[in-house]
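# Observations on the three-dimensional arrangement
Listed below, chain by chain, are the residues.
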Amino acid sequence: MVREMKETKYDVVVIGGGAAGTMAAGKAAQQGKHVLLLERNTRLGEKLRISGGGRCNITNAEPDERKLLSHYGPAEKFLHSAFSQFGMRDTFSFFESRSLSLKVETNNRAFPESEKASDVVRVLEEYLKEGKVEVRTETGVDNIETKNGRIERVVAGGKTFSADSYILATGGLSHPETGSTGDGFSWLRSLRHMIEDPTPTIVPLKVKEVWVKKLSGVSAEAKLTFFVNGKKKFSKVGPMLFTHFGISGPTVLNSSSKVADLLQEGEVRVRIDLYPKLDLGVLDKRIAGVFDTGKNRLLRNAFKEIAPPGASEALLSLLPSIDPEKKVHSVLKEQRRMLAELLKNLELTITGLLGFERAVVADGGLVLNEVDMRTMRSKKFENLFVTGDLLHIPRPSGGYSLQLCWTTGYVAGSNA
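What counts as what
Residues numbered from 1 in each chain as written. Predicted model: local features only at pLDDT ≥ 70, side-chain atom pairs only at ≥ 80, totals over all residues. Heavy atoms only, no water. Salt bridge = Lys/Arg side-chain N within 4 Å of Asp/Glu carboxyl O. Helix = DSSP H or I, 4+ residues; strand = E, 2+ residues; numbered from the N terminus. Buried < 20%, exposed > 50% of the residue type's maximum accessible area, 1.4 Å probe, protein only. Pairing = 2+ DSSP bridges. Contact = heavy atoms within 4.5 Å. Core = buried A, V, L, I, M, F, W, Y, C linked by side-chain atoms within 4.5 Å. Phe/Tyr/Trp six-rings, centres within 6.5 Å; stacked < 30°, edge-to-face > 60°. Expected span 1.5 Å × (residues − 1). Polar contact = N/O pair within 3.5 Å; in protein donor to acceptor, adjacent residues only side chain to side chain. 1 Å grid on protein atoms, 1.4 Å probe; cavity = no way out; pocket = protein on both sides within 12 Å on 5 of 7 lines; lining within 4 Å. Points joined across faces, edges and corners; volume = space filled by probe spheres on them. Axes fitted to C-alpha atoms, helices over the stretch in contact; angles between N-to-C directions. Parallel < 35°, antiparallel > 145°, perpendicular 65-115°, else oblique. Left-handed = near helix turned anticlockwise from the far one by under 90°. Nonpolar A, V, L, I, M, F, W, Y, C, P; charged D, E, K, R; others polar. Disulfide = S-S within 2.5 Å.

Our focus in this paragraph is the pattern of salt bridges. On inspection of all chains with the given rule, the structure shows 24 salt bridges. Between Asp389 and Lys47 there is a salt bridge whose closest N-O contact spans 3.9 Å. In this pair, Asp389 sits in the loop between strand E22 (384–386) and helix H14 (400–415) while Lys47 sits in helix H2 (residues 46–50), placing the two residues 342 residues apart along the sequence. Taking the relative accessible area as the measure of exposure, Lys47 reaches 22% and is therefore partly exposed. Arg49 is the partner of Glu125 in a salt bridge, and the nearest nitrogen-oxygen pair spans 3.8 Å.

With that settled, consider the sheet that holds strand E5 (residues 109–112). On the basis of which strands lie adjacent, the open sheet formed by three strands has the order E3-E5-E4 and antiparallel pairing. Because the sheet does not close on itself, it has two edges, and the strands there are strand E3 (59–60) and strand E4 (102–104). Taken together, the two bridges between E3 and E5 define a ladder with antiparallel strand orientation. The residue of E5 that forms the bridge with Thr59 is Ala110.

Moving on, we get to the side chain of Lys27. With respect to the secondary-structure elements, Lys27 resides in helix H1 (residues 19–30). When residues no more than four places from it in sequence are discounted, the contact partners of Lys27 are Tyr127, Tyr410, Gly413 and Ser414.

Here we take up the environment of Asn345. Position of Asn345 relative to the elements: it lies in the loop between helix H13 (333–344) and strand E17 (346–353). When the C-alpha positions of Asn345 and Gly54 are compared, they lie 31 Å apart, and in sequence the two are 291 residues distant. Setting aside residues no more than four positions away along its own chain, Asn345 makes contact with Arg271 and Ile272.

Right, let's get into the nonpolar core. One finds Val13, Phe95 and Trp406 to be the most contacted residues of the largest nonpolar core, which totals 81 residues. Looking at which element gives the most residues to this core, the answer is H14, with eight residues. Filtering out sequence-adjacent residues up to four positions away, Val13 remains in contact with Leu36, Leu38, Val154, Phe161, Ser162, Ala163, Ser165, Tyr166 and Ile167. Ranked by size, the runner-up nonpolar core spans 48 residues in total, among them Ile306, Ala307, Ala311 and Val331.

This next bit is on the packing of aromatic side chains. Taken as a whole and judged by the stated rule, the model has eight aromatic pairs. Aromatic side chains Phe94 and Tyr127 sit 4.9 Å apart centroid to centroid with 80 degrees between the ring planes, which places their arrangement in the edge-to-face category. In this pair, Phe94 is assigned in helix H5 (residues 88–96) and Tyr127 in helix H6 (residues 117–130), connecting sequence segments 33 residues apart. Centre to centre, the rings of Phe226 and Phe234 are 4.8 Å apart; their planes meet at 20 degrees, and the pair counts as stacked. On the basis of relative accessibility, which here comes to 0%, the residue Phe226 falls in the buried class. One aromatic cluster in this structure is built from Phe94, Phe95, Tyr127 and Trp406.

Counted at 1.5 Å a residue, the expected span for helix H10 (residues 280–292) with its 13 residues is 18 Å, and the 18 Å between its end C-alpha atoms agrees. Elements that come into contact with the buried residues of H10 comprise helix H11 (299–302) and H13. Near the N-terminus of H10, the side chain that reaches the backbone nitrogen of Gly281, with its oxygen 3.2 Å away, is that of Asp279.

Before going further, it helps to examine the layout of surface pockets. One water molecule sets the probe size; rolling that probe over the atoms shows where empty space is left. Here the second largest pocket defines a volume of roughly 260 Å³. Taken together, 13 residues make up the lining of the second largest pocket; nearest its centre are Asn107, Lys236, Pro250, Asn254 and Ser397. Those elements that provide at least two residues to the lining of the second largest pocket are strand E14 (231–242) and helix H8 (250–253).

Moving on, we come to the packing of H10 against H13. In the contact formed by H10 and H13, the axes pass within 9 Å of each other and the chain directions differ by 125 degrees. It follows from the interaxial angle that H10 and H13 lie oblique. As for how H10 packs across H13, the hand of that crossing is right-handed. Along its contact with H10, which presents Leu280, Gly281, Leu283, Asp284, Ile287, Ala288 and Phe291, the element H13 presents Arg336, Arg337, Leu339, Ala340, Glu341, Leu343 and Lys344. Grouping the constituent residues of the contact of H10 with H13 by class yields eight nonpolar, one polar and five charged.

The next subject is empty space enclosed by the protein. With the rule as written, the count across this model stands at one cavity of 30 Å³ or more. Its boundaries defined by the atoms lining it, the largest cavity holds a volume of some 30 Å³. Listing elements by their share of the lining of the largest cavity, those giving two or more residues are strand E8 (150–156) and strand E9 (159–168). When grouped by side-chain class, the residues that make up the lining of the largest cavity number eight nonpolar, no polar and no charged.

This model, assessed by the stated rule, comprises zero disulfides. Here Cys405 is not disulfide-linked; the sulfur of Cys56 is the nearest cysteine sulfur, at 10 Å.

Time to look at the pairing of E5. Residues in a regular strand point their side chains to alternate faces of the sheet. Residues Arg109 and Phe111 line one face of E5 and the alternating positions Ala110 and Pro112 line the opposite face, and both faces are buried. Pairing between E4 and E5: three bridges, direction antiparallel. The partner of Leu102 across the bridge, within E5, is Pro112. A loop of four residues connects E4 with E5, the two strands running antiparallel in sequence, and Asn107 in this loop sits at a positive phi of about 60 degrees.

Listed below in structure tokens is the structure:
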């Protein structure tokens, strides 16, 4: 005789313990619901823990909501209702009321003052405990069963769980090592939903030049100008980061989709201006001023005051005609000009984009006309709610992706 699996009943079952899932589960529990959160990893918030280089770019603090929503491209018109329920200011209130102070940096990017992504996860875990959410880690969902236009139950870890409502918050395809393997897309397809195929849209860029490895870890506020076959295409100014394979950071990530198109046209080069606020002549005078304050200093020591932190040695190696061991009073005017030109015109050849494994955001997902964006409810299954990266919403780097998770998670949790 075959024994049937015991079925446990809840008000709400949330699938996925990332940003959107934990927010949704916590909010549903706050409304008095009996909530189960299923997470395939050994702990919650794996992608959150590595976001923003471990600092967690928690939101974008753009105060003008229309301007904020304009960064979501064609999805903007779908988002006004959701953001009116839980917007950027609500994100600040949520975390700061739970003793996690936030700070705002360049381009309105907001981070915890502690600069620890783990603190964000801790706050969310405490939120779940407040609402007595039952959390089951290492419990991946194997099957979703439906009947008469409703989700009936889910099978996970050899057990079945049923609920009045189900919230899908499994994330997209970026950083698959954190568990974002696209299962949610597969389930939505099996439920006859239309899914736009994802592509890694916000990714670092690979370069040909091997010397860039010497600059790995160096960050700077820079102007990046991209060329195809020597013809200027577009420029962006903002934070960037050198890596062992090329370049990354917010400004690079937000240029990657355009660069992907340019790579189809020919050779793509980027000119990096490490002093975008100064013209060449003013920068040359600044270098001369640094040299004048210590004429007997070695060039390699004085140049540390001019180049971005950690970059001086690698940059000097690109000018073999200038001896870094010479004293600055011996540096010729023409050589000083060469140093200024190097800082204003550092050129690299782009060879390609890194894929899903390095993607900060991958687009694609459930098309928005199949979701009631006022509630996050599926229009095909009345008790299914879809959140976060599972929705086909393009967005740049800079806190927009996590804000989307907080907003859609809160709205789903409120309405489930």
